[in-house]
Amino acid sequence: MVVALMLLTALLAAGLFASNRLLARWLVVHSLESALTGWSQVAVGLGGTDDPVSASSLGLRLTTLSETYAQIPEDETAGALLENGTAYLDRIANAATADMGAESLRAQAEVLFPDMMAWSSARAAEMTAQLPEAFQVPPLTPQHLTETFLQLHEARTPRLTVFRTWWGGIEPLAIIATPLRRAGHLYGSGVLLLDISPVIASANRLVLTVSTIMAVLSVLSFCSAIFVLWVRFRDVVRTNQNIEFLAHHDPLTGLPNRAVFSAKLNEALRLAHAKASNIAVVLIDVDKFKAINDTYGHGTGDVFLQIIADRLRSVFGQHLVARLSGDEFAVMVTSHSDVARMTKMASDMIAATKAPCVIDGIEIQISLSMGLARANDGSWRASRLLHCADLALYRAKHSGRSTFVWYNPEMDAEAQRRKEIEAGLVKALKFDQFELVYQPQFSLHDNRLKAYEALIRWEHPTKGTIAPDVFISVAEDTGLIEDIGDWVLRRACKEAAAWDDKSLRVAVNFSAAQFRAGETQKKVAKAIAESGIDPRRLEIEITESLLISDTDAVVETLEAIHALGVTIAMDDFGTGYSSLSYLSRFPFDKIKIDRSFIRTLGRNIGTDAIVTSIIGLGRSLNVEITAEGVENQDQVTLLRAAGCDLVQGFLFGRPGAVRQGQSTMSAAEAPLSRPFPTPSDREIVAEDADVREWTLEVTAATTQVDAGSPGIAPDGTILAPLPETVDDALAKTSALQ
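Computed from a predicted model, the values in this text were never measured in an experiment.

Turning next to the overall build of the chain. Scanning the chain from N- to C-terminus turns up 23 helices and 24 strands. Out of the 737 residues belonging to the chain, those deemed buried represent 45%. Sequence separation of 24 or more characterises 65% of the internal contacts of the chain that already satisfy a separation of 6 or more.

What follows deals with a nonpolar patch on the surface. On the surface, Ile213, Val216, Leu217 and Leu220 cluster together to form a nonpolar patch covering roughly 370 Å² of accessible area. Here Val216 shows up in helix H7 (residues 197-248).

Moving on: the packing of helix H12 (residues 382-397) against helix H13 (residues 410-431). Interaxial distance between H12 and H13 falls to 10 Å at its minimum, and their mutual angle equals 80°. Between H12 and H13, the interaxial angle falls into the category roughly perpendicular. For the pair H12 and H13, contact is made by His387, Leu391, Ala392, Tyr394 and Arg395 and by Met411, Asp412, Glu414, Ala415 and Arg418, respectively. Split by residue class, the contact of H12 with H13 holds five nonpolar, one polar and four charged.

Taken as a class, soluble globular proteins show a tendency for nonpolar side chains to be buried jointly. One finds Leu425, Leu538 and Leu639 to be the most contacted residues of the largest nonpolar core, which totals 75 residues. Residue contributions to this core peak at nine residues, all from helix H15 (residues 481-497). For Leu425, the residues in contact, after removing those within four places along its chain, are Phe434, Trp458, Phe471, Val474, Ala475, Leu480 and Ile484. Core analysis: the next-biggest nonpolar cluster, separate from the first, contains 30 residues, Phe304, Ala352, Ile364 and Leu368 among them.

It is worth spelling out the sheet that holds strand S8 (residues 320-323) at this point. Pairing within the open sheet is mixed, and its five strands lie in the order S8-S9-S7-S12-S13. What marks the edges here is a single partner per strand, and that holds for S8 and strand S13 (404-406). Strand-to-strand twist across the sheet, computed as the mean angle between neighbouring axes with direction ignored, equals 20°. Where strand S7 (residues 279-286) lies against strand S9 (residues 328-333), six bridges are found, and the strand directions are antiparallel. Directly across from Val282, in S9, lies its bridge partner Val331. Running at roughly 25° to S9, helix H8 (residues 258-275) makes contact with S7, S8, S9 and strand S12 (368-375) of the sheet.

Predicted confidence across the chain gives a mean pLDDT of 77, with 77% of residues reaching 70 or more. Low pLDDT, under 50, characterises residues 46-82; the stretch is placed with 75 contacts to residues that sit more than four places away or in other chains.

Another point: helix H14 (residues 468-478). Residues of H14 that are buried include every one of Pro468, Phe471, Ile472, Val474 and Ala475, and no others. Looking at the buried residues of H14, the elements they touch are H13, strand S14 (434-443), strand S15 (449-460), strand S16 (464-466) and H15. Of the residues one or two after H14, Gly479 is the one with positive phi, at around 90°.

Attention now moves to the pattern of salt bridges. With the rule as written, the count across this model stands at 27 salt bridges. A salt bridge links Lys523 to Asp486; its shortest N-O distance comes to 3.3 Å. Here Lys523, found in helix H16 (residues 520-531), pairs with Asp486, found in helix H15; they are 37 residues apart in sequence, far enough to count as distant. Accessibility expressed as a relative area gives 17% for Asp486, which makes it buried. Sharing partners across several salt bridges, the network here consists of Glu453, Glu541, Lys592, Arg595 and Glu628.

What counts as what
Residues numbered from 1 in each chain as written. Predicted model: local features only at pLDDT ≥ 70, side-chain atom pairs only at ≥ 80, totals over all residues. Heavy atoms only, no water. Helix = DSSP H or I, 4+ residues; strand = E, 2+ residues; numbered from the N terminus. Buried < 20%, exposed > 50% of the residue type's maximum accessible area, 1.4 Å probe, protein only. Contact = heavy atoms within 4.5 Å. Patch = residues over 30% accessible without salt bridge, like charges linked within 9 Å, V, L, I, M, F, W, Y side chains within 5 Å. Areas by Shrake-Rupley, 256 points an atom, 1.4 Å probe, with all protein chains shown as cover. Salt bridge = Lys/Arg side-chain N within 4 Å of Asp/Glu carboxyl O. Axes fitted to C-alpha atoms, helices over the stretch in contact; angles between N-to-C directions. Parallel < 35°, antiparallel > 145°, perpendicular 65-115°, else oblique. Nonpolar A, V, L, I, M, F, W, Y, C, P; charged D, E, K, R; others polar. Core = buried A, V, L, I, M, F, W, Y, C linked by side-chain atoms within 4.5 Å. Pairing = 2+ DSSP bridges. pLDDT = per-residue confidence, 0-100.

Take a look at the structure:
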């Protein structure tokens, strides 16, 4: 490009110079032609001719060393003019000096031709020798004068000869040679040596003006061309720079991308191995970013990521911060990578997320989960270091989020176990290794069995029965939960349709990971159609976490399911984000009080108030209330007194097969006839994903009470109806114990 510009500049300069010289030559020639025309008219006028003779009729010739401009006049005109050649020459000389000044005539001479019949170069050279020394001045040479005489041999008009310089200019001297004739015969020549500097100066002034204009125009054209080329070159450079930037950076946040981070990490590990230093990596994931995108829009989500990137720079500014994917960032720390300083930086990052984040007037809470791993010897590779940081990140996300966790070797065993579970789940779906068990739900109003909740179990061919809490989280993370959930829905509907008691409902849990807005209602309708079950017997349980994402679409899907006649229940009520706001968005048929409230019922005043409020809310909304995780008689007593509708828990039955023909609590199961447990009873806890199962083993004698007390049997069982209020229930329990 530079060479091309230099060549273009050289060509432009050469063209400008050539045009300058040509213009100057043309102007000088034109000026001399005009001058000779005027001089000739003066000469003719002095000769007594009445009518002036035109330049064309005079036949004046302007001659250079290589070109001749001539017009041959008529013989009569030339003859009359040149018969008195000496006088004509004098008149031209006088006119020239009058026009250009006396100093313009440098020399004047007449040369006779010795022999007209023997004309040759040698004769012309002899005539040149006859000229005065005034003609022997540079740039005139004898050769120039000889050539002038040779051109006059057959000429009938005067000739003007100018001389060019080597660089294209015109010398300041010119020769006017006039043929001398007598009786029509050439006998000699008159020669004038003129200084034409005034003519050249006048021409140069005009040439300078014109050249200046041409130069300005040329420079402007050149600059315009350069500007156009520069703009195109700039665009190309910017495009290349943008391509280069996008190839190595994230366009949204401006942070380096995964490719750059991997390359820098590999290079840093090589240097660390050579220098025996340490390197740490921090993987950072934005918690619930999808929910932010779905709730506020992708534009707000993009700004949210930019704010997070800025805060990462502020905390890890001197270290490499990169964006690996949509909501995942990474930091490489090559200095100050000891555990204490890394922990301090991670804590500072968590603290930085507490600052308000306001986008378009909406305050959004920033929550980051971080996994930290440190390479402390030369055996670490980039892939292993990132894998370890990813395991720590996974642990952080499942430890309550908005926290950080250091990698430890135990996480490798956990990851391997999860891989085995994932592979086993694929086979379980393929070979039908799942089965359903059912836990009963009883009414506290009439002690009758109302429904069963379907719970899944994995019957592993070698490891036996595996509870859901072992594999459900893996299924949700891997996406297998959708296929497993579809299987549970179809199987529960099919088995419930075959029950003898057609009034019993079956409850099926739906995970937020398997719920698909716009698709789930189709799956429910298909399961109902295939099984033939009455839709009113089917109950779908969802958690509050489902409603936080894409609320409008979820509510529309729930309304479509409800329109089929299916009951919708909110599970784990009170543990989510804003339960009351969701109750106003969608009219649930049932609310299930989370077991975390039931566990401390009767022992915590705050819990008692919350449970009572939830039951009261259900009554106000005409919503059925179910308490799950009921484990002892005290809880039943308080729940009945508060007005709870249904209870579920190990106190009423462990998950298992449906017992056909059972419609009420048996004497051994009904809370109205079950002895109170003594403090010496042992409680063995067996948890699954949906229900905590409690096994009660009585190791001491049943508490004895006064058989004469009202409603108390001789064996200590309660026969009288339970108190109607919470206070009465607590007082009765204290009296019995």
